[in-house]
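Secondary and tertiary structure notes
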Amino acid sequence: MELDSLYQEVILDHYKHPQHKGLNPVYTAQVSHVNTSCGDEITLNLNVENNVITSITWDGQGCSISQASVSMLSDLVTDKTLEQADAIVKSFSELMASKGTAAGDPEVLEDAVVFAGVSKFPGRVKCALLGWMAFKDAAIQSQGESK
Amino acid sequence: MELDSLYQEVILDHYKHPQHKGLNPVYTAQVSHVNTSCGDEITLNLNVENNVITSITWDGQGCSISQASVSMLSDLVTDKTLEQADAIVKSFSELMASKGTAAGDPEVLEDAVVFAGVSKFPGRVKCALLGWMAFKDAAIQSQGESK
Amino acid sequence: MSFSVAEVRKDFPIFERTIRDGKRLVYLDSGATAQKPWVVINAESDFYSKHNAAVHRGAHQLAEEATDAYEGAREIVAKFIGGQESEVIFTKSATESINLVAYAMGNALSGNRFALSASDSIVVTEMEHHANLIPWQQLAARTGAQLKWFNVTQDSRLDLSNIDQVITANTKVVAVTHQSNVLGTINPLEAIVKRAHEVGAVVVLDACQSVPHMSVNVVELDVDFLAFSGHKAVGPTGVGVLWGKAELLDELPPFLTGGSMIENVTMTTATWAPVPQKFEAGVPNMAQAVGLGAACKYLSELGMDAVREHEIALTGYALEKMSSIDGIRIVGPLENVARGATVSFTLAEIHPHDIGQYVDSQGVAVRTGHHCAWPLARAMNVPATTRASFYLYNDERDVDALVEALLGAQKYFGRF
Amino acid sequence: MSFSVAEVRKDFPIFERTIRDGKRLVYLDSGATAQKPWVVINAESDFYSKHNAAVHRGAHQLAEEATDAYEGAREIVAKFIGGQESEVIFTKSATESINLVAYAMGNALSGNRFALSASDSIVVTEMEHHANLIPWQQLAARTGAQLKWFNVTQDSRLDLSNIDQVITANTKVVAVTHQSNVLGTINPLEAIVKRAHEVGAVVVLDACQSVPHMSVNVVELDVDFLAFSGHKAVGPTGVGVLWGKAELLDELPPFLTGGSMIENVTMTTATWAPVPQKFEAGVPNMAQAVGLGAACKYLSELGMDAVREHEIALTGYALEKMSSIDGIRIVGPLENVARGATVSFTLAEIHPHDIGQYVDSQGVAVRTGHHCAWPLARAMNVPATTRASFYLYNDERDVDALVEALLGAQKYFGRF
Ligand SMILES: Cc1ncc(COP(=O)(O)O)c(C=O)c1O
Ligand SMILES: Cc1ncc(COP(=O)(O)O)c(C=O)c1O
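**A few points about the overall build of chain C**
- Counting secondary structure elements, chain C contains 14 helices and 17 strands.
- Sorting the 416 residues of chain C into buried and exposed places 71% on the buried side.
- For chain C, contacts bridging at least 24 residues in sequence account for 72% of all contacts bridging at least 6.
- Once the 33 positive and 47 negative side-chain charges of chain C are each reduced to a mean point, those two points are 6 Å apart.

If you want it as structure tokens, here you go:
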């Protein structure tokens, strides 16, 4: 069933057990984003020290895809440098724009390659990107801060 | 040829030899109307004494239909009472709205029954009515004046 | 006075196709846009292939035919809602219709009955679609007028208990929806119109969700302006209607300016043509107006009372079947009274987006989100809902398919 | 790089019909609206009968397909004019496109680069269509800004001799037509754009009469906004385009407000979605946008340079043939240089309305009047003209038919 390529087990698992949820009051940047077509909202706190992401936490409400996506993102970028994180975001954005033609680089994206299936559902790409776009903004702001 | 029912001889004759053209400086009402779709313009001076139309003169530019129509109108209503003129305008308006189904009452409209042909050409009804609508306005104003 | 859904479905070519690898199309998203019968599709094609020309402008046969078709459509639409021909203005959508009124009021100079100032107020409701809310927010911001509103009760009705405090002597406009596109609630217009007219305010009715679904008569309702979209009434996209009382349209300043709406123009000044031309600048959406005429004719032939009856029966069936699902919360009136065939709901913890995706995999098309009525979602305390909206081509089989798909979704997402 | 008119005509169903009791249709009114090829008519029908759903909103397959079709059309249109996808806004017409810019500027608060005050000026020309004149008159009236303009010379060109006095440091907007819909004159944009940008003004180009007839590239022209109508470019009625430079569209406030153009909404406030959604409130004219995509594809396949070449040749032929008629006055450039395939004229004392009527009786469709450019008519000292406008489906036979009909009109009205 095609639906299963969207709702992979690891996605539903992150959805049921979201990582890094609950905002850490210590942060270098706080960003809120909203998915205008459905109203899903996310707030993301990012803490950067010496160019390294020491903490990323978030809160919000949304569908399984958006929640799982930000959960996996948080796992992925914690302890990375801003440059490393930037490369991960690029890789993920490309995967999302692939319309089902790319498989994703497991070296860079690790578990998040399961979102390859989402790229076949144009209506859900925005959901998957919600947290990532918030993170991107927060990273830009933090860059300013930590320089 | 269908066109001949539009351009009847008497119409072209009035067009070439317009009656009552040239504005009389004595008037009880002066009205200017314009055909918004083509820019044809007419100015009409009406003089009413004791409820009787003693003079109707006009100036302007327009197609054969609009010019002939106001020329015949002027012939028709001169020396009539406002009530008589009103009945003539009503009769003419009905003829113009008939979409080619009415012949017009020669008792009331005299020569102007030739405009029956115009009512088959929806694009030209406005042309035929231009002077008549100006006259209608002028008559209403003169009614106020001469009471 | 009733019709066979099976026969009606044959008029709509889209039901000949299948969804998601061969599944039957269960289209429950007519609240967003309705499907089109052949008569509408063909009316547009015929206009293009046989009579296409710019209306009102040319002195040639095609222009005459195009004008007849376009003005003929105006006549049909006017009859359909019980208004006069010269009171019907073709716009591109209900959104434009409402913006037209709001912007035109903003253009009114002092002395004009529509001129607004800081001492005036504009009244809306908490259940408005964004299209009947934001234009009024903006007008309020531009003029300094105060924006006031009726709240929605927890049983999904307008709270009119404070009507005399909300609509006051300062109120110039009351903008209200006939039927909520989320709750399905049909609003009690009589009380609102009465109070508005008492204080000299005009009533702008958003009839997007009523005109396609029931018999609507502008004279009986006694509203002052009414807006609806063609595409929700089995008509083409790209056409909407603004109806207004003749004497009000006369006094309302124009909105869009340009060709065909003028009387006289110099380099620095312009005067306006009579209504409806005053509000139809430019070469109009001719083929779409003609298509909308065909749509209104199609609906009239089925009979709007029959459409309404059909929807009442189907809504009753849907409410009953859906209520039996574990964990469902219907967001809208539970009673099948003064409500239309729109049923919004939440299903336990499953996010609407995920529900929509799952039922789509079963061939069932619904809509999810805030349905362009975000303040209402907040008032009802739901971040988003799933909405099934029924129309004349839906039947009990479609309700059954929805219910089955919802049970499937519960199972699918309950795996963990 | 050329095409056969005979082959092209087969693509347009309307040429299968006859006019006024069996006469061949000689359609010379494309300046008002163009005829439609089957590919455009079918693109709309296919959308309705196979993929119809509200774009951007649903989580179901039809909504995905509709969104792909609609956004695919945006991509085609963007390529057609050399712009970016996110810079293309679908409107209902060029008239709406221009009103959008004018009203949105009127909505700009001080601090925004588009905000206008009494010390600013807006520049137009004497040859503008009402659609590119009255919106600016109104904006000037609303903001107190001064309206200035370039005059037209007796040889039908813009008088740019005083360009530095007309466009000054106070100028905020220069709105100008690419090609006159009456004279056929193609305006020298380079000088205007250069001067406008020198003083920090934006250039709004009315491309209604150029985009359908020649290759237009927004990057090469370096204008800031560009408007055209689908229906004049063999596309559907009810759709137009506003293109704008990305950074300017970002800063420009919205115009129509409602669904799908928002980011967040409360009862009293709203924030906006990114461009182009910010400017597309409501369910869009989806089928029409898709049809316009098909039209741009059709034109691209013929080749816009080939279209232009064809029109140049035909215009040369028409100017020569028509000039030989006794008593004719061509209102527009007599030289076939920097002009399009629009030939307006007067014929001795015969009123244009009468000419139009006569030639119509011979199957020849032309337009008569002031052509929505009344100030231009006054400047050229003609109350009205007759206009023949040629397009890709016209050929020398059509010119011959026109000339013959004009000679017939002279005879017919010379009877007395
Ligand atoms: C030069 C020009 N500008 C603007 C317009 C207005 O276009 P529309 O009526 O399609 O909005 C037209 C055509 O009528 C035109 O020829
Ligand atoms: C109640 C209501 N009002 C207004 C609108 C706006 O209609 P449109 O998007 O067709 O302009 C809609 C539909 O989207 C609606 O349901």
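**As for the environment of Tyr317(C)**
Residues and elements named next belong to chain C.
- Tracing the backbone shows Tyr-317 in helix H11 (residues 304-323).
- With relative accessibility at 17%, the residue Tyr-317 sits in the buried group.
- Those residues in contact with Tyr-317 that lie beyond four places of it in its chain are Glu-396, Val-399 and Asp-400.
- At a separation of 2.7 Å, a polar atom in the side chain of Tyr-317 contacts the side chain of Asp-400.

**Overview of the interface of chain C and chain B**
- Every contact between the two is made by 4 residues of chain C and, on the other side, 5 residues of chain B.
- Around 460 Å² of area is buried between chain C and chain B when both sides are counted, 60% of it from carbon and sulfur atoms.
- The largest share of the area that chain C buries against chain B comes from Glu64(C), Ile262(C) and Glu263(C), three residues that together contribute 61% of it.
- Linking chain C with chain B are 0 salt bridges, by the criterion used here.
- For the interface between chain C and chain B, the tally reads 0 residue pairs in polar contact (both at pLDDT 80 or more).

**Looking at the interface of chain C and chain D**
- Tallying the contact residues gives 95 residues for chain C and 95 residues for chain D.
- Linking chain C with chain D are 6 salt bridges.
- Between Glu96(D) and Lys92(C) there is a salt bridge whose closest N-O contact spans 3.0 Å.
- Seen at the junction of chain C and chain D, the total is 43 residue pairs in polar contact (both at pLDDT 80 or more).
- Per element, the largest residue contribution to the side of chain C that touches chain D is 8 residues, and it comes from helix H2 (residues 38-51) of chain C.
- Of the residues that constitute the side of chain C that touches chain D, the class distribution is 42 nonpolar, 36 polar and 17 charged.

**Let's talk about helix H11 (residues 304-323) of chain D**
- Taking 1.5 Å as the rise per residue, H11(D) with 20 residues should run 28 Å; its terminal C-alpha atoms sit 28 Å apart, in good agreement.
- Here the buried face of H11(D) lies against helix H1 (5-10), helix H3 (61-81), helix H10 (286-302), strand E13 (328-331), strand E14 (342-347) and helix H14 (396-413) of chain D.

**Concerning the site of ligand 2**
- Taken together, 16 residues surround ligand 2, and among them Thr95(C), Asp206(C), Ser229(C), His231(C) and Lys232(C) come closest.
- Chains contributing residues to the immediate surroundings of ligand 2 are chains C and D.
- Thr95(C) has a polar side-chain atom sitting 2.5 Å from an oxygen atom of ligand 2.
- At 2.7 Å, a side-chain N or O of Gln209(C) approaches an oxygen atom of ligand 2.
- For ligand 2, whose unbound accessible area comes to 390 Å², protein coverage reaches 99%.
- When its residues are assigned to classes, the shell around ligand 2 shows 4 nonpolar, 9 polar and 3 charged.

**Some thoughts on H2(C)**
- Taking 1.5 Å per residue, 14 residues should reach 20 Å; H2(C) reaches 19 Å between its end C-alpha atoms and fits that length.
- Listed in full, the buried residues belonging to H2(C) are Val40(C), Ile41(C), Ala43(C), Glu44(C), Ser45(C), Phe47(C), Tyr48(C) and Ser49(C).
- In this fold, the buried residues of H2(C) make contact with helix H3 (61-81) and helix H10 (286-302) of chain C together with helix H2 (38-51) and H10 of chain D.

**Quick word on the arrangement of the chains**
- The interface with the most contacts, out of 5 pairs of chains in contact, is the one formed by chains C and D.
- Spatially, chain A is disjoint from chain B: no contact exists, and the shortest C-alpha separation is 44 Å.

**Considering the pattern of salt bridges**
- Summed over the entire model, instances satisfying the criterion amount to 44 salt bridges over all chains.
- Between Asp164(D) and Arg195(D) there is a salt bridge; the shortest N-O distance is 3.2 Å. On the criterion of sequence distance, the pair formed by Asp164(D) in helix H6 (residues 163-166) and Arg195(D) in helix H7 (residues 189-198) is long-range, its members being 31 residues apart.
- Taking relative accessible area as the criterion, Arg195(D) reaches 16% and is therefore assigned buried.
- A single salt-bridge network, built from bridges that share partners, covers Asp164(C), Lys194(C), Arg195(C) and Glu198(C).

Rules used in this analysis
- Residues numbered from 1 in each chain as written.
- Chains lettered and ligands numbered in written order.
- Predicted model: local features only at pLDDT ≥ 70, side-chain atom pairs only at ≥ 80, totals over all residues.
- Heavy atoms only, no water.
- Helix = DSSP H or I, 4+ residues; strand = E, 2+ residues; numbered from the N terminus.
- Buried < 20%, exposed > 50% of the residue type's maximum accessible area, 1.4 Å probe, protein only.
- Contact = heavy atoms within 4.5 Å.
- Lys, Arg positive; Asp, Glu negative; His and termini not counted.
- Charge placed at Lys NZ, Arg CZ, Asp CG, Glu CD.
- Polar contact = N/O pair within 3.5 Å; in protein donor to acceptor, adjacent residues only side chain to side chain.
- Buried area = accessible area lost by both parts, 1.4 Å probe.
- Salt bridge = Lys/Arg side-chain N within 4 Å of Asp/Glu carboxyl O.
- Nonpolar A, V, L, I, M, F, W, Y, C, P; charged D, E, K, R; others polar.
- Expected span 1.5 Å × (residues − 1).
- Near = heavy atom within 4 Å.
- Areas by Shrake-Rupley, 256 points an atom, 1.4 Å probe, with all protein chains shown as cover.

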